[in-house]
Amino acid sequence: MSRRVLVLVGTKKGAFIVEGDERRTDWSLRGPFCEAWPIHHLNYDPATGTLYAGGGSEWFGPAVWRSRDLGDTWTQSGEGLTYGDAGPKIRKVWNVTPAHGALYAGVDPAGLFRSADGGVSWTHVQGLREHPTCSDWQPGAGGLCLHSIVPHPSDPMQMWVAISAVGTFYSADGGVTWTPRNKGVRAGFLPDQYPETGQCVHKLVRAPDGPGRLYQQNHCGVYRSVDGGASWEEITEGLPSEFGFPMAVHPRDAETAYVIPLTADHARVVPDGKVAVWRSNDAGRTWTALRAGLPQQNAYVGVLREAMAVDTLDTAGVYFGTSTGQLFGSANEGDSWSLLADFLPPVWSVEVALVES
Amino acid sequence: MALAYLPRSLVSLFPGMPGRIQVEAASVSELIDWLDYEWPGARFRLCDAGPVIREHINIFVDGEKSTLSTALRPDSEVYILTAVAGG
């Protein structure tokens, strides 16, 4: 039991850390951090041991906070998070993802930034917004947010990103050029239901078996790709709703994925007031509801796009946070659940870090 | 020198930044430049692309709501305020 498990929680009112050991039975809470700023994503870079929190203040604009001591002290910066004086104003940071020695930030309105100095300063990855479809990008209810950053596991030149109400893009040249990767993904809210862009991807994740297998929870279904997003196959069948926000993949089994279906369109809470995580062990061909330990009566909770994560322990842990401030966890791959923390602000993101004691 | 009052929510972002400062500056923009020199990043927190004062930051000079180009007198009193907000 030499490692600590840190469940990293971004909320509407700051960042929190819920901490336990590898048994994952007893938890303690620290926070709120980041001056209680709205934090859309709290993440960890195992290469440097740094926590990064992306968010935005209605007063002071976008920021990435960083802590090099696992949350004891924090500093913030937004230097370079701008499209220039003639460009649109950046409202917030939605995602911070470390990859290949750099740090990436997805922002609203949608764009990608890169930091080579650990989040002190930022440079716009201009190629994405130079895509000819950019002028057609329109915000969804959650804004025009770049919410998913999926690095290639070994090649720093390759990356996928996903933008709400726009779709998935892929770059093979370090972000200089990008191509849409939405073929086969339905946009049920548009006259042309299979456009080049305009798909409302809610969360994009990569499976651990190589760069080609991707999954996404979309506004209009759940999808799997085995060719790096060049084509997608819908795998919604068997779920109680095609709508949901988060998606996660088992850390070693590429065919095991998790979603949390929500009732569309206005409700966006779990169906019938019963909380369930749905797991597939066969890459989305079949789905099973996981309910043990989760509220099964009068629980009208939502779970947002960044708010589910898995750890990498031998028996993987799964965690999710609700829009009403509950944090649930499973130490057995979703078979049973317990409440790790309650009465938090609305949870916007959940990630997991394993650190040496 | 102009006397400027800074909001607590700004001061808390920059170690050592006081809540009240005296600055020799000819305009609001110069005042913010001075803040940014002393506490790098302060301008980004107060100004947005344009450049303009951020939408929900209000700067009053001698009782009047100002812009970046508003002139300061040696005895000006400046209040940098965060807009009231809910939620």
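Our structure's up above, just so we're on the same page.
All residue numbers here refer to positions counted from 1 along the written sequence of the relevant chain. Whichever chain is written first becomes A and whichever ligand is written first becomes 1, with later ones labelled in order. Reporting in this predicted model follows two pLDDT cut-offs: at least 70 for local features of residues, and 80 or more for side-chain atom pairs to be given and counted; totals over whole chains, interfaces and linings ignore these cut-offs and use all residues.

Peer 1: In this structure, what is going on with the environment of A:Gly119? I would like to understand it.
Peer 2: All names here are of chain A. A helix here means a DSSP run of H or I that spans at least four residues, while a strand means a run of E at least two residues long, and both kinds are numbered starting from the N terminus. Its location among the elements puts glycine 119 in the loop between strand E10 (111-115) and strand E11 (123-124). Its 26 C-beta neighbours within 10 Å are what place glycine 119 among the buried residues. What glycine 119 contacts, discounting residues up to four positions off in sequence, is Tyr52, Val64, Arg66, Ser77 and Leu103. Buried, partly exposed and exposed are defined by the number of other C-beta atoms within 10 Å of a residue's own C-beta, namely 20 or more, between the two limits, and 12 or fewer respectively, with C-beta atoms placed from the backbone. By the convention adopted here, residues are in contact when the distance between their C-beta atoms, placed from the backbone, does not exceed 7 Å.

Peer 1: Before we go on, may I ask you to explain the pairing of strand E1 (residues 3-11) of chain A in this structure?
Peer 2: Residues and elements named next belong to chain A. Here E1 lies mainly inside the structure; seven of its nine residues are buried. Two elements, E1 and strand E28 (residues 347-356), share nine bridges in a ladder whose sense is antiparallel. The partner of glycine 10 across the bridge, within E28, is serine 349. Strands are labelled as partners when DSSP assigns at least two bridges between them. Two elements, E1 and strand E2 (residues 14-21), share eight bridges in a ladder whose sense is antiparallel.

Peer 1: Help me understand unusual backbone geometry in this model?
Peer 2: As a rule of thumb, non-glycine residues mostly have phi less than zero, and peptide bonds are mostly trans rather than cis. All names here are of chain A. In this model, glycine 31 is joined to proline 32 through a cis peptide bond whose omega is -5°. Following the sequence through the fold, proline 32 ends up in strand E3 (residues 28-33). Cis peptide bonds are those with omega within 30 degrees of zero, and the linkage from alanine 264 to aspartate 265 qualifies with -10°. Along the polypeptide, aspartate 265 turns up in the loop between strand E21 (257-261) and strand E22 (277-280). Even without a glycine there, the phi angle at alanine 283 is positive, about 60°. Assignment of secondary structure puts alanine 283 in the loop between E22 and strand E23 (288-290).

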